[in-house]
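Descriptive analysis of the structure
The residues making up each chain are set out below.
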Amino acid sequence: MKHNSNYLNGAEGLVKILDEHEVEYIFGLCGDTSLPFYDALYRLNHSIKHILTRDERSAGYMADAYARVTGKVGICEGPSGGGATYIIPGVVEANESSIGVISITSDVPTTSIGHFPLTELKQKQLFKPLTKWNEILNNPKTLGVNIRKAFKESTSGRPGACHLSFPFDIQNAEIPQEDIWANKKYTKFPSDPIKPDSKKIDLILKKISKSKNPIIICGGAIKNSFAEIELKKLSEKLNIVVATSVTGKGTLKDNHPNSLGVVGSNGGSIHTREVLKKSDLIIFIGCRAGSVTTEKWQYPNSKSKIIHIDNDPKVIGANYKTYISLVADAKLTLIALNKKIKKNNFGGDKIVKETKKKKFLEFNSLCKINKGLIKPERIVKEINEIMPDNTYIVVDPGTPCPYFAAYYNFKKSGRYFITNRAHGALGYALPASIGVKIGKSKNNVLSIMGDGSFGFAVGELETAKRLNLKIIFIVISNSVYGWIKAGQKSSFNKRYYSVDFSRTDHAKIASSYGIKSWTVKKHENLKKILKKALEYK
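In short, a report on the structure. As the structure is a prediction and not an experimental result, all values here were calculated from the model. Note that residues are indexed from 1 along each chain, following the sequence as it is written. In keeping with the predicted nature of the model, local features appear solely for residues at pLDDT of at least 70, side-chain atom pairs appear and are counted solely at 80 or more, and the whole-chain, interface and lining totals rest on all residues. Hydrogens and water are ignored here; the side-chain numbers use all heavy atoms of the structure.

1. Section: the sheet that holds strand 6 (residues 133-136)
Here 6 strands make up an open sheet; going across it, the order is 3-2-4-5-7-6 and the pairing parallel. A strand with exactly one partner marks an edge of an open sheet, and here the two such strands are strand 3 (49-52) and strand 6. Taken pair by pair, the neighbouring strands of this sheet meet at an average axis angle of 20 degrees, ignoring direction. Looking at chain direction, strand 5 (residues 101-107) and strand 7 (residues 161-167) are connected through 7 bridges and run parallel. Counterpart to Ile 102 in the pairing with strand 7 is Cys 162. Seen against the sheet, helix 1 (residues 10-20) touches strand 2 (25-28), strand 4 (74-78), strand 5 and strand 7 and runs at an angle of roughly 155 degrees to strand 7. Contacts are assigned to residue pairs with any non-hydrogen atoms lying within 4.5 Å of each other. Where helices are involved, their axes are fitted lines through C-alpha atoms of the stretch in contact, as for all axes, and angles between N-to-C directions lie from 0 to 180°. Labels follow the DSSP assignment, with helices taken as runs of H or I lasting at least four residues and strands as runs of E lasting at least two, numbered in each case from the N terminus. Where helix 5 (residues 88-96) meets the sheet, its contacts fall on strand 4, strand 5 and strand 7, and the angle it forms with strand 7 comes to roughly 145 degrees. We call two strands paired when DSSP finds no fewer than two bridges between them.

Printed below as a string of structure tokens:
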């Protein structure tokens, strides 16, 4: 298609605007309605690398994980119809986790809508409840405006996922060259952070000073806003206990004297629960206080005094009556608190030390068992002893998550623990680890999943091999959807129904993709094989 020299077609415009926003990678899968976009990526001079995935779900998860470790907006794309429906899990996970992701799905021509063309779907209605903002790029004159708005929406306020539907005919329509520009402010998240109210800061400080056993519970916002140093300063000034949700793990390094670790039903323990029960003031920072972190809103209970700090006003008051609420950015809030707060000593280090002693007593005894099947605790311990401190640990939300959340000790704070706890869909760890490795190519990346999760995403082993990515994949094989079977055991009197499946030779499958593989059956071989995997080139 020929164009006026002062114009580009819509597909070319999208590529150039993405390039202006410093997009380095697009994760996606090809389709008929995406042909003009792919052709523009092929022909134009730009700095974007397209990562071909084997499933649109994987594209969404890769973009999500890439964004988590880099702070850059993750871009995923897919075709119309089934492609748009398949990409949804990664998009909704990013949105609920406050991760900046933009999903672009091509669509049928605007002129054919309502005439039953193949793959016609009402994409805007489909994505509306699943994203922070979405739009159809159905007018070439507003193409640039809407793409730039997607970047702004995905990074500002509470970051989240945005969706753009890109019809085939608009990809071929003319747009002016002068529409190609970007506001670089919105290439990373969080942008436009909300400043805290100074009066609320004073109230919070006053309430903390009057408490006897306060505790801070952090969600993912501390890591998302790169506020780990500020939190460390505050915890040490007050000598206060700091706990986290699963997503917040790594907010403080796990061996920090004030770091209690994860609380709740997916990484907490009866011992961490006791600390919560004894606290007279709960300070949630960037944490939704959802069902997992609070064990279905039991700990803390409804009578607890709550200070809730979050950049999303919808979160505050949703689950607890708040004594003081503050809608603000986590990092800016911590900076403000540190400027005014007076040194105190709530004995947090002693509480943490005693609690961890109890918590790890049973764990350490289970690690020593050399009979029967290899226990998850042993796997966590061996990996922890072997892997370098800057290793990214990517776990699926099934069996691996509670063990690694509870017992893996990160010796550095930061975004090293990656999991999808907003919706907890299986099949995340394998593709997400590819997104992590692409974002942090110099770091070791370890992907741990159950065999149920492996079945969801096994095709992406080809992607890892094609891209020559050094990732260690660990499949915990027990031929069962274990988390659900455990629920049937504990709550339904062992009435096991439709949770068991056939055993698979996962090493043989990985080998068929050209990936070096081992099978570990004996306890004494676990550490040896892990070392071989780490050293393999």
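Having seen the model, we can carry on.
2. Points about the sheet that holds strand 18 (residues 472-476)
Taken in spatial order, the 4 strands make up an open sheet running 16-15-17-18, and their pairing is parallel. Across the chains shown, the open sheet's two edge strands, defined by having one partner strand only, are strand 16 (417-418) and strand 18. As paired strands, strand 17 (residues 445-450) and strand 18 are joined by 5 bridges and run parallel to one another. The residue of strand 18 that forms the bridge with Ser 447 is Phe 473.

3. A word on the pattern of salt bridges
Only one rule defines a salt bridge in this text: a Lys or Arg side-chain nitrogen within 4 Å of an Asp or Glu carboxyl oxygen. Scanning all chains against the criterion turns up 24 salt bridges. The salt bridge partner of Arg 148 is Asp 179, with a shortest N-O separation of 2.9 Å. You can see Arg 148 sitting in helix 7 (residues 143-155) and its partner Asp 179 sitting in the loop between strand 8 (174-176) and helix 9 (198-210), a full 31 residues away along the chain. The partner of Glu 382 in a salt bridge is Lys 527, with the nearest N and O atoms 3.5 Å apart. One end of the pair, Glu 382, is in helix 15 (residues 376-386); the other, Lys 527, is in helix 22 (residues 523-535), with 145 residues separating them in the sequence. Burial here depends on accessible area, computed with a 1.4 Å probe over protein chains only, as a share of the maximum for the residue type. Under 20% is buried, over 50% is exposed, and the range in between is partly exposed. You can call Glu 382 buried: its relative accessible area is 7%. Counted as one network, the salt bridges with shared partners bring together Arg 378, Lys 381, Glu 382, Glu 385 and Lys 527.

4. Side note on the layout of surface pockets
Here a cavity means grid points, on a 1 Å grid over the protein atoms only, where a 1.4 Å probe fits yet cannot get out; a pocket means an open set of points with protein on both sides within 12 Å along at least five of seven lines; lining residues are those with an atom within 4 Å of a point. Grid points are joined across faces, edges and corners, and a volume is the space filled by probe spheres set on the points. If you add up the space inside the second largest pocket, you get close to 1100 Å³. Ser 265, Asn 266, Gly 267, Pro 402 and Trp 483 are, among the 45 residues lining the second largest pocket, the residues nearest its centre. Breaking the lining of the second largest pocket down by element, the ones donating at least two residues are helix 12 (270-278), helix 14 (348-367), helix 16 (400-407), helix 18 (451-457) and helix 20 (482-491). Looking at which element gives the most residues to the lining of the second largest pocket, the answer is helix 20, with 7 residues.

5. Examining the nonpolar core
Core analysis: the largest hydrophobic core is formed by 72 residues, its most contacted members being Ile 383, Ile 393 and Phe 404. When residues in this core are grouped by element, the largest group, 8 residues, is from helix 3 (residues 56-70). Excluding its chain neighbours within four sequence positions, the residues that come into contact with Phe 404 are Lys 249, Ile 379, Val 380, Ile 383, Ile 393, Val 395, Phe 417 and Ile 448. Among the nonpolar cores identified, the runner-up in size contains 30 residues, and Leu 41, Ile 102, Leu 143 and Cys 162 belong to it. Among buried residues, the Ala, Val, Leu, Ile, Met, Phe, Trp, Tyr and Cys ones that are joined through side-chain atoms within 4.5 Å form a nonpolar core.

6. Quick notes on the state of the cysteines
Disulfides are defined as pairs of cysteine sulfur atoms found within 2.5 Å of each other. All chains considered together, the criterion is met by 0 disulfides. Of all cysteine sulfurs in the structure, the one in Cys 218 sits closest to Cys 287, which takes part in no disulfide; the separation is 8.2 Å. Exposure remark for Cys 287: the relative accessible area of 3% places this residue in the buried category. Its sulfur unpaired, Cys 367 is 18 Å from the next cysteine sulfur, which belongs to Cys 401.

7. Focus on the environment of Val 499
Mapped onto the elements of the fold, Val 499 is located in the loop between helix 20 and helix 21 (506-512). With near-sequence residues (within four places) excluded, Val 499 lies in contact with Val 480, Tyr 481, Ile 484, Lys 485 and Gln 488.

8. Topic: empty space enclosed by the protein
Applying the stated criterion to the full structure yields 7 cavities of 30 Å³ or more. Taken together, the residues of the lining of the largest cavity sort by class into 3 nonpolar, 5 polar and 3 charged. Of the voids in this model, the second largest cavity is the one considered here, and its volume is about 50 Å³. Classification convention: Asp, Glu, Lys, Arg as charged; Ala, Val, Leu, Ile, Met, Phe, Trp, Tyr, Cys, Pro as nonpolar; all other residues, Gly among them, as polar. A breakdown of the residues in the lining of the second largest cavity according to their chemical character gives 4 nonpolar, 3 polar and 2 charged.

9. Here we look at helix 9
Given the number of residues in a helix, its expected span is that number minus one, multiplied by 1.5 Å. Between its first and last C-alpha, helix 9 extends 19 Å over 13 residues, near the 18 Å set by a 1.5 Å rise per residue. Those residues of helix 9 that fall on the buried side of the exposure criterion are Ile 201, Ile 204, Leu 205, Lys 207 and Ile 208. With its buried residues spanning 165 degrees around the axis, helix 9 presents them on a single face. Among the exposed residues of helix 9, those pointing more than 90 degrees away from its buried face are Lys 199, Lys 206 and Lys 210. In this structure, the buried side of helix 9 is in contact with helix 11 (228-238), strand 12 (281-285), strand 13 (306-310), strand 14 (324-327) and helix 13 (330-340). Two or three places before Lys 199, at the start of helix 9, stands the capping residue Asp 197, its side-chain oxygen 2.8 Å from that residue's backbone nitrogen. Working definition: the arc comes from the directions between the helix axis and the C-beta atoms, pointing outward to the latter. Two N or O atoms count as a polar contact when they lie within 3.5 Å, although within protein this holds only if one can serve as hydrogen donor and the other as acceptor, and sequence-adjacent residues are included solely when both atoms are side-chain atoms.

10. Brief notes about the pairing of strand 4
Counting buried residues along strand 4, 5 of its 5 residues qualify, which places the element largely inside the surrounding structure. Burial of the side chains of strand 4 extends over both faces: Gly 74, Cys 76 and Gly 78 are buried on one face and Ile 75 and Glu 77 on the other. The pairing of strand 2 with strand 4 spans 2 bridges and is parallel. By the bridge assignment for strand 4, Phe 27 is matched with Cys 76. Alignment of strand 4 against strand 5, held across 5 bridges, turns out to be parallel. By the bridge assignment for strand 5, Gly 78 is matched with Thr 105.

11. What about the side chain of Arg 148?
Note on Arg 148: relative accessible area 11%, which makes it buried. Among the polar contacts listed, one links the side chain of Arg 148 to the backbone oxygen of Trp 181, at a separation of 3.2 Å. In this view, Arg 148 contacts Ile 17, His 21, Asp 179, Trp 181 and Ala 182; residues no more than four positions away in its chain are not counted.

12. Section: the side chain of Thr 187
Assignment of secondary structure puts Thr 187 in the loop between strand 8 and helix 9. Within polar-contact distance, the side chain of Thr 187 engages the backbone oxygen of Lys 184 at 3.0 Å. Setting aside residues no more than four positions away along its own chain, Thr 187 makes contact with His 21, Glu 22, Lys 72 and Val 73.

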